[in-house]
Amino acid sequence: MRRVRAEALTGWRLSLAADLLRSTEYTVDTIARKVGHANTFALSVAFKRRRGIRPSEHRAAGQRTAIAAS
C-alpha cells in the first residue's frame, strides 16, 4: 500500500513540475523544491525515469510548441 501511495505522490509531483516548467520562468531547482524534491538532481532523475526526457527538454518542447502556435 505504501508503494502505491509513493508512486501516486511521485506522479503528482512530476505532473506539477511539468506544468510549472511550461508555464513559468522558474529555474528547475526552484521547481524541484516547490514540488517536494530535495534538489535539481532528484527531480531530473525522477522526471527522466518516468517521462523519458529531462526537465529542460520538456520546457524546450513547450516553448517550441508555443512559438509554432503563434
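Below, the structure is looked at part by part. (Residues numbered from 1 in each chain as written. Predicted model: local features only at pLDDT ≥ 70, side-chain atom pairs only at ≥ 80, totals over all residues. Heavy atoms only, no water.)

## Points about the overall build of the chain
If you tally the helices and strands in the chain, you get four helices and zero strands. In the chain, the order of α-helices and β-strands from amino to carboxyl end is α-α-α-α. Along the longest, intermediate and shortest principal axes, the C-alpha atoms of the chain span 45 × 20 × 15 Å. The buried share of the chain, taken over its 70 residues, is 26%. For the chain, restricting intrachain contacts to residue pairs at least 6 apart in sequence, the fraction spanning at least 24 positions comes to 46%. (Helix = DSSP H or I, 4+ residues; strand = E, 2+ residues; numbered from the N terminus. Buried < 20%, exposed > 50% of the residue type's maximum accessible area, 1.4 Å probe, protein only. Contact = heavy atoms within 4.5 Å.)

## Thoughts on the pattern of salt bridges
Any two side chains of opposite charge can pair, on the condition that their charged atoms come close. This model, assessed by the stated rule, comprises three salt bridges. A salt bridge links Arg-50 to Glu-7; the nearest nitrogen and oxygen atoms lie 2.6 Å apart. Of this pair, Arg-50 sits in helix H3 (residues 40–51) while Glu-7 sits in helix H1 (residues 2–23), placing them 43 residues apart in sequence. Take Arg-50: its relative accessible area is 40%, and that puts it in the partly exposed class. What makes Glu-7 partly exposed here is its relative accessible area of 44%. Note that Asp-29 and Arg-33 form a salt bridge whose closest N and O atoms lie 3.3 Å from each other. (Salt bridge = Lys/Arg side-chain N within 4 Å of Asp/Glu carboxyl O.)

## Describing the side chain of His-58
Take His-58: it is sitting in helix H4 (residues 55–69). Take His-58: its relative accessible area is 10%, and that puts it in the buried class. Ignoring sequence-local partners within four residues, the contact set of His-58 consists of Ala-18, Leu-21, Arg-22, Phe-47, Arg-51 and Ile-53.

By themselves these figures say nothing about function.
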